[in-house]
Amino acid sequence: MNILVTGGAGYIGSHTVLALMERGHHVVVLDNFSNSSPKVMPRLEALAGNPIPLCQVDLRDGDTVFDVLVSHKIDAVIHFAALKAVGESCEQPLQYFDNNVSGTISLLLAMQKANVLRFVFSSSAMVYGDTEHETLSENTPRSANNPYGRTKLMIEEIIQDHCAADTNFKAAILRYFNPVGAHPSGMIGEDPRGTPNNLMPYLCQVASGKREKLSVFGNDYPTPDGTGLRDYLHVMDLARAHADALDYLQSQSKNLTVNLGTGSASSVLDMIHAFEQANKLKIPHEIIGRRPGDVTRLCADPGLAKELLSWESRHDLLQMCADAWRWQSKNPEGYNS
Ligand code: NAD
Ligand code: WQD
């Protein structure tokens, strides 16, 4: 199939481009490089062994998006393009609703006009908000508690209404838990701008000496070691799930919503210890107060993804840490190294 990957120059999108091409698909990348670098493209082409057409476009430019869909004879769209920082979304909610929600509506309208009927959407565990459920299944009540999470929740509703109105249009909503790691080559990976908000990229920068120490946000949670629990998922496993979801839409012609995680929760200290063991490094760290907005535990029940897609994670925490460090150590300044 001819697949348009929006946000394909980004962290998860770039890894998914490779997974799709390995499965024989032809991929076109659409990105405005608002949070990524064009320098990823030659690396992707080297890894894929084939050229990858690139369209530098903002999703909100619907006419150009339509032209891309038609000129490349796109059969399906995998939609990663979004702003994704929770804290930033609280400071700039209008920018997040415009970029993420209006951008998606613009894309869906262009797809409707071009008669492109297969769609895979990047959603997030953030749609579950402050939940105390041990593990989260797809029918756990959703209640986003920040603007970013609300953009994901709104887009899920928009997709469901569109599918109800046009039964020829089939969509897969994939709710990611905590993606980490990098392609085993160390040639592509997560390249955050400024100070990383997320644990793994910050941890990698401490390991490389770019940051002095890791601040652990609270050890007074009701968890075994007091630090927050998350369901960390290797980005290569996550990328594979997108190819599986596309196959499902083609073969079953049914809509799909699945949570994507390992089903096991790891604490911040677990991650630090795994990183130290996997890479034979010491990670200086200090326990400080909780980060506002953090929940105690976020862990997926991945049973439905296994049942419908025959998908499950294949990488453990040590492999996630080894692959993340290989990318960081080979590219200390990311794509500007
Ligand atoms: P990323 O920032 O690395 O990639 C997003 C890409 O989209 C970037 O290349 C950016 O330039 C592009 N983009 C943003 N707005 C655009 C627009 N209006 N037009 C065109 N391109 C645009 O982020 P990521 O970590 O790869 O996340 C990809 C998707 O997965 C996002 O939708 C995010 O919300 C979702 N997600 C990410 C995580 C995570 O922890 N990384 C977890 C759950 C869900
Ligand atoms: C993980 C754990 C922190 C940094 C975020 C986004 C969410 C989604 C996934 C897009 C928590 C602790 C972190 C640090 C720390 N992205 N931590 N020191 O918050 O689960 O989710 O990424 O959809 O929207 O919010 O991930 O990596 O920020 O935090 O102790 O310097 O690590 O308290 O327990 P989070 P995270």
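An account of the accompanying structure is given in this report. The model shown is predicted, which means the values in this text are computed figures rather than measured ones.

Glancing now at the overall build of the protein chain. For the protein chain, the helix and strand inventory stands at 11 helices and 14 strands. The C-alpha radius of gyration of the protein chain comes to 19 Å, within 12% of the 20 Å expected for a compact globule of 337 residues. Overall, the C-alpha framework of the protein chain stretches about 55 × 45 × 40 Å when taken along its three principal axes. The buried share of the protein chain, reckoned over its 337 residues, is 53%. Summed over its atoms, the accessible surface of the protein chain is roughly 14100 Å², and 49% of this surface lies on carbon and sulfur atoms. A distance of 3 Å separates the average location of the 29 positive side-chain charges in the protein chain from that of its 38 negative side-chain charges.

Moving on to the packing of helix H1 (residues 11-22) against helix H2 (residues 40-48). Running from N to C, H1 and H2 cross one another at 25°; their axes reach a closest spacing of 10 Å. Relative to H2, H1 is oriented roughly parallel. In this structure, the crossing between H1 and H2 has a hand that is right-handed. Between H1, through Ser14, Val17, Leu18 and Met21, and H2, the contact on the second element is made entirely by Val40, Leu44, Leu47 and Ala48. Among the residues making up the contact of H1 with H2, the classes are represented as 7 nonpolar, 1 polar and no charged.

The terminal C-alpha atoms of helix H9 (residues 268-279) lie 17 Å apart, and with 12 residues this matches the ideal 16 Å at 1.5 Å per residue to within 8%. For H9, the full list of buried residues reads Val268, Leu269, Met271, Ile272, Ala274, Phe275, Glu276 and Asn279. For H9, the secondary structure elements touched by its buried residues are helix H7 (199-207), strand E8 (214-217), strand E10 (232-234), strand E12 (266-267), strand E13 (285-288) and helix H11 (317-330). Residue lysine 280 follows H9 closely and has a positive phi angle near 50°.

One finds Val17, Leu20, Leu44, Leu174 and Leu260 to be the most contacted residues of the largest nonpolar core, which totals 42 residues. The dominant element in this core, judged by the number of residues it contributes, is helix H8 (residues 235-252), at 8 residues. Every residue in contact with leucine 260, bar those within four places of it in the chain, is listed here: Leu174, Arg175, Tyr176, Phe177, Leu233, Leu238, Ala241, Ala305 and Trp311.

In this section: empty space enclosed by the protein. One pass over the structure, following the stated rule, counts 2 cavities of 30 Å³ or more. Its boundaries defined by the atoms lining it, the largest cavity holds a volume of some 80 Å³. Lining of the largest cavity is provided by Tyr11, Val180, Gly181, Glu190, Pro192, Met200, Pro201, Cys204, Ala324, Trp327 and Gln328. For the lining of the largest cavity, the secondary structure elements donating two or more residues are H7 and H11.

Another aspect to go through is the pattern of salt bridges. Scanning the model with the defined rule gives 16 salt bridges in all. Taking the shortest distance from any N to any O, the salt bridge between aspartate 247 and arginine 23 comes out at 2.9 Å. Taken together, the residues aspartate 247 in helix H8 and arginine 23 in the loop between H1 and strand E2 (26-31) connect sequence positions 224 residues apart. Arginine 290 is the partner of aspartate 220 in a salt bridge, and the nearest nitrogen-oxygen pair spans 2.8 Å. With a gap of 70 residues between them, aspartate 220 in the loop between E8 and strand E9 (229-230) and arginine 290 in the loop between E13 and strand E14 (297-298) connect regions that are remote in the sequence. Using a relative accessible area of 43% as the deciding quantity, one classes arginine 290 as partly exposed.

On to the site of ligand 2. The environment of ligand 2 is made up of 18 residues, and the closest members are Tyr148, Leu199, Ser215, Arg230 and Asp294. A distance of 2.5 Å separates an oxygen atom of ligand 2 from a polar side-chain atom of tyrosine 148. At a separation of 2.6 Å, an oxygen atom of ligand 2 approaches a polar side-chain atom of arginine 230. For ligand 2, whose accessible area on its own is 680 Å², the fraction buried by protein is 90%. If one sorts the elements of the shell around ligand 2 by residue count, E8 sits on top with 4 residues. When the residues that make up the shell around ligand 2 are grouped by side-chain class, the tally is 9 nonpolar, 6 polar and 3 charged.

Calculation rules
- Residues numbered from 1 in each chain as written.
- Chains lettered and ligands numbered in written order.
- Predicted model: local features only at pLDDT ≥ 70, side-chain atom pairs only at ≥ 80, totals over all residues.
- Heavy atoms only, no water.
- Helix = DSSP H or I, 4+ residues; strand = E, 2+ residues; numbered from the N terminus.
- Rg over C-alpha atoms; globule rule 2.2 N^0.38 Å.
- Buried < 20%, exposed > 50% of the residue type's maximum accessible area, 1.4 Å probe, protein only.
- Areas by Shrake-Rupley, 256 points an atom, 1.4 Å probe, with all protein chains shown as cover.
- Lys, Arg positive; Asp, Glu negative; His and termini not counted.
- Charge placed at Lys NZ, Arg CZ, Asp CG, Glu CD.
- Axes fitted to C-alpha atoms, helices over the stretch in contact; angles between N-to-C directions.
- Parallel < 35°, antiparallel > 145°, perpendicular 65-115°, else oblique.
- Left-handed = near helix turned anticlockwise from the far one by under 90°.
- Contact = heavy atoms within 4.5 Å.
- Nonpolar A, V, L, I, M, F, W, Y, C, P; charged D, E, K, R; others polar.
- Expected span 1.5 Å × (residues − 1).
- Core = buried A, V, L, I, M, F, W, Y, C linked by side-chain atoms within 4.5 Å.
- 1 Å grid on protein atoms, 1.4 Å probe; cavity = no way out; pocket = protein on both sides within 12 Å on 5 of 7 lines; lining within 4 Å.
- Points joined across faces, edges and corners; volume = space filled by probe spheres on them.
- Salt bridge = Lys/Arg side-chain N within 4 Å of Asp/Glu carboxyl O.
- Near = heavy atom within 4 Å.
- Polar contact = N/O pair within 3.5 Å; in protein donor to acceptor, adjacent residues only side chain to side chain.

In short, shape yes, function no, at least from these values alone.
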